[in-house]
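# A closer look at the structure
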Amino acid sequence: MLDTPDLLRMLHPFMAVTVVMPLIGVAVYFAAQTRQRRLAVASKTKTTIAPVVGREHVRVGQWLAGAVVALVLLGLAHPIFKTIGRENVWAEDPFRGVFAVAMYVFTIASLVLLYRASSQLWRGTFATLTGMGLWLLGMQPGVFRRGYEWHLSHFYFGMVAAMLMIFALATLPEIYKSKRWRLIHAALNTVAVLLFISQGVTGVRDLLEIPLQWQEPFIYQCDFANKTCS
Ligand code: HEM
Ligand code: HEM
């Protein structure tokens, strides 16, 4: 049986694999169908694709965007609050603890308001606030960002993917309005799909690299540069 800290660490990968990755599959499937149907209709070719696929893509897309932001919040929660507990922050620097909790509330509230906003101004505002909240949390002590190897970083790629999801939510009505926006949307989210695939790779790598809690005192004595333990 795993210890509680190890189980808490597993929550994020568990949600990623069982909820977010399947949603990505469904969103991409409907995206391809939406485009195929639109092209068939435009060229007056017969198609068996039902007209609802566009609507279904958007419905799943809205769930996906929220799920990705929630997944990032979950991935960050474990290292942030573990570090706050370990460094005795509540006694020594309570502002840091209060700030982290406040940023969680602020970011979730901004996301909820982003879903509800309809005018361009408010969509822009709440999208910016949601993104800002994620970055402020991401920069908290304890988060492993792999800055020395940022091009293989689970943190940076995950954050960029979340920004793209927030952007898709914020520009939802525009996507219907012009060919230009539709192309921007398709191009940006193709990048998002590549980022999601890389999250699968880097996430699994990180799970393999992180020791179980009871092994930490031994593993962290090793020489990571020369890959030796004595
Ligand atoms: C994995 C992520 C996503 C991918 C790969 C993707 C891709 C696409 C593609 C290829 C199209 C069709 C473009 C065309 O007709 O040529 C489309 C349409 C659209 N997408 Fe996405 N998208 C994604 C996520 C989202 C999200 C998160 C939202 C918003 C919440 C969204 C909203 C829309 C809307 C409103 C349309 C227009 C639907 C229509 O024409 O009926 N998408 N998307
Ligand atoms: C949509 C996909 C995903 C996104 C956006 C995402 C995002 C993040 C973010 C922002 C963090 C916090 C920074 C860090 O510690 O690197 C994180 C942590 C982590 N992620 Fe992911 N992730 C995704 C999928 C996955 C998958 C598929 C796995 C493994 C199967 C995984 C495993 C991990 C692990 C092990 C951590 C460290 C957690 C900890 O220290 O407690 N992630 N993820």
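Right above here is the structure, for reference.
Below is a short write-up of the structure.

Reading guide: rules and limits
Residues numbered from 1 in each chain as written. Chains lettered and ligands numbered in written order. Predicted model: local features only at pLDDT ≥ 70, side-chain atom pairs only at ≥ 80, totals over all residues. Heavy atoms only, no water. 1 Å grid on protein atoms, 1.4 Å probe; cavity = no way out; pocket = protein on both sides within 12 Å on 5 of 7 lines; lining within 4 Å. Points joined across faces, edges and corners; volume = space filled by probe spheres on them. Helix = DSSP H or I, 4+ residues; strand = E, 2+ residues; numbered from the N terminus. Nonpolar A, V, L, I, M, F, W, Y, C, P; charged D, E, K, R; others polar. Near = heavy atom within 4 Å. Polar contact = N/O pair within 3.5 Å; in protein donor to acceptor, adjacent residues only side chain to side chain.

### A short note on the layout of surface pockets
- Reported here for the largest pocket is a volume of approximately 1,400 Å³.
- Around the largest pocket sit 48 residues that line it, and Arg9, Phe144, His154, Asp206 and Ile210 are the ones nearest its centre.
- Looking at the lining of the largest pocket, the elements with two or more residues in it are helix H1 (4-42), helix H2 (53-86), helix H6 (154-170), helix H8 (179-209) and helix H9 (216-219).
- Broken down by element, the residue count for the lining of the largest pocket peaks at twelve residues, all from H2.
- Residue classes in the lining of the largest pocket are distributed as 28 nonpolar, eleven polar and nine charged.

### Let's talk about the site of ligand 1
- As a structural note, the neighbourhood of ligand 1 is formed by 20 residues, with Arg35, Arg38, His57, Gly61 and His185 the closest of them.
- For ligand 1, a nitrogen atom lies 2.8 Å from a polar atom in the side chain of His57.
- A distance of 2.8 Å is found between a nitrogen atom of ligand 1 and a side-chain nitrogen or oxygen belonging to His185.
- Residue assignment for the shell around ligand 1 shows that the elements contributing at least two residues are H1, H2, H6, helix H7 (172-177) and H8.
- For the shell around ligand 1, the leading source of residues is H2, giving six residues.
- Residue composition of the shell around ligand 1, by class: ten nonpolar, seven polar and three charged.

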